[in-house]
Amino acid sequence: MEFITNHPLFTFTFFVTLVFLFYYFIEVVETPVLRFSESDFSLRVIEKSPNLTSKYYPTFWCFNQHLMLFLLMVREYRTKPYQYDQLEQLKMKDGGITGLAWSGIDIVTTNNNDPIVVVFHTISGDEQDVKTTVKYLRERYGWIVVVCIRRGHGNLPLTKPKINTMGSTSDLKEQLSYIKKKYPKKQLFGVGISAGSGLLARYLGESGIQSKFTAAVAVSPAYDIEKAFHRVHPVYSQIMGQRLINYFLKNHYESLSKLKGVDELLKIKTIGEFQDKLHTISGFKDKENYYYHSNPVLVADNIKTPLLVLNSADDPICVNQNVLENLHWLETLPNTIHVHTKRGSHIAYFQGWKASSWSDKIIGEYFSAVLGEKLPKQKPAPKTKKKPNRK
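What counts, and at which threshold
Residues numbered from 1 in each chain as written. Predicted model: local features only at pLDDT ≥ 70, side-chain atom pairs only at ≥ 80, totals over all residues. Heavy atoms only, no water. Core = buried A, V, L, I, M, F, W, Y, C linked by side-chain atoms within 4.5 Å. Buried < 20%, exposed > 50% of the residue type's maximum accessible area, 1.4 Å probe, protein only. Helix = DSSP H or I, 4+ residues; strand = E, 2+ residues; numbered from the N terminus. Contact = heavy atoms within 4.5 Å. Expected span 1.5 Å × (residues − 1). Arc of directions from axis to C-beta. Polar contact = N/O pair within 3.5 Å; in protein donor to acceptor, adjacent residues only side chain to side chain. Disulfide = S-S within 2.5 Å. pLDDT = per-residue confidence, 0-100. Pairing = 2+ DSSP bridges. Axes fitted to C-alpha atoms, helices over the stretch in contact; angles between N-to-C directions.

Chemist: Give a description of the nonpolar core that names residues and reports values.
Modeler: Of all hydrophobic cores here, the largest spans 45 residues; its most connected members are V117, V119, V147, V219, L308, Y366 and F367. Here this core takes seven residues from helix α17 (residues 358-371), the largest share from any one element. Ignoring any residue separated from it by four or fewer positions in sequence, one finds F367 in contact with V117, W143, F189, G190, V191, A215, A216 and V217. By size, the runner-up hydrophobic cluster in this structure holds 34 residues, among which are W102, I105, V118 and V309.

Chemist: Please set out helix α4 (residues 65-78) residue by residue, giving values where relevant.
Modeler: Owing to its 3.6 residues per turn, the α-helix brings residues three or four apart onto one side. Counted at 1.5 Å a residue, the expected span for α4 with its 14 residues is 20 Å, and the 20 Å between its end C-alpha atoms agrees. If you check which residues of α4 are buried, you get Q65, M68, L69 and L71. Considered in projection along α4, the buried side chains sweep an arc of 160° and stay on one side of the axis. Exposed and facing more than 90 degrees away from the buried side of α4 are F70, Y77 and R78. Elements in contact with the buried residues of α4: α9 (234-250) and β10 (350-351). The backbone nitrogen of H66 has a side-chain oxygen 2.8 Å away, supplied by the residue at the start of α4, namely N64.

Chemist: Go over the state of the cysteines, please, and point to the residues and values.
Modeler: Considering all chains together, one arrives at zero disulfides under this definition. C148 carries a free sulfur, and the closest cysteine sulfur to it, the one in C318, is 20 Å from it. Take C148: its relative accessible area is 1%, and that puts it in the buried class. Residue C318 is classed as buried on the basis of its relative accessible area of 7%.

Chemist: Tell me what's going on with the confidence of the model for the protein, and back it up with residues and numbers.
Modeler: Here the protein averages 92 in pLDDT, while 93% of its residues score no lower than 70. Long-range and interchain partners of residues 384-391, a stretch whose pLDDT sits below 50, account for 14 contacts in this model, where long-range means more than four residues apart.

Chemist: Outline the sheet that holds strand β8 (residues 307-312), listing residues and values.
Modeler: In a beta sheet, neighbouring strands are held together by backbone hydrogen bonds and run either parallel or antiparallel to one another. The strand order across the open sheet formed by nine strands is β1-β9-β8-β7-β6-β4-β5-β3-β2, and the pairing between neighbours is mixed. With one partner strand each, in any of the chains shown, β1 (33-36) and β2 (86-91) form the two edges of the open sheet. On average, each strand axis in the sheet is inclined to that of its neighbour by 20°, with strand direction left out of account. Sheet analysis places strand β6 (residues 188-193) next to strand β7 (residues 213-219), joined by six bridges and oriented parallel. Looking across to β7, one finds that G192 is bridged to A218.

Right, here's the structure in full:
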């Protein structure tokens, strides 16, 4: 034993381990920074959500933002598809097709007080890329969960040559009306993941006090999408740009090829270029009108629904600059809590040896806290007309 402890390799390994642990506990582990407009409602919700005020311990073997993203992608492709109870296709007023993926409807009665959690998937995802969140909320809380699938996503047929990667609030309103008609006595909670958080925020801002959601959570939002997509890490920007070409244009080329400008979209190199030219396939006459009707930041100050927003400073896709530019309204928006972590990458937020999701725990904990609270009264915001941002 004395030989082992005196061996140079042991000494070196011991020293490296100490340095790593020192770095991990000093630079990686941290308590999230909370920003909110102080109110009795927010303070009570925070008090009932211990993970918001406790230290977040990112998985020590993959706390780097790129490793977290890599692990997230590997898990998405290697884990088995989640088995939903029912997949529905809904025909929109214009003839387009959207979808709903239900989990929990076979075993939960409509007479209890449990909510329905409505989940919005990522920019090129479907009901499967949010499966860990759906599974966690089902197993931990027993709530009904439904994923709103946007037109052109997943296995949905594109019956109308029209796609918006960020989603359409008009489609969403039809989906929510269908859900409420099916379960009229249920409260609705909304969860937006990445681009899904943009659709959620846009809906909340447009709806104001008419929102059908009791509370909502936005995970890794980009805020001003006209700027944000051009700030994505260059490597991920190119990967995501090609992903969007394959996922939308090539999968639905027969339908979309009739539209003017599709061939130009096929030549783009980055996700920012793709979004700037998206008006050609999303039903808008130009880039300015597309962003005017899709950019969540333009209506964010009209959000009245209690909202939890989660961002990581090391996010290489929805970068920290986006967050810092929007703190001026995040900190003053009533009943909104912004949770800012040092680590977590983009929607990954792994913690513990097994790399489980910390953000899923935050979502469930927040909704549980809201369920036990009397909701604050909402006042309509003064009407202001905003013009498209032309640069």
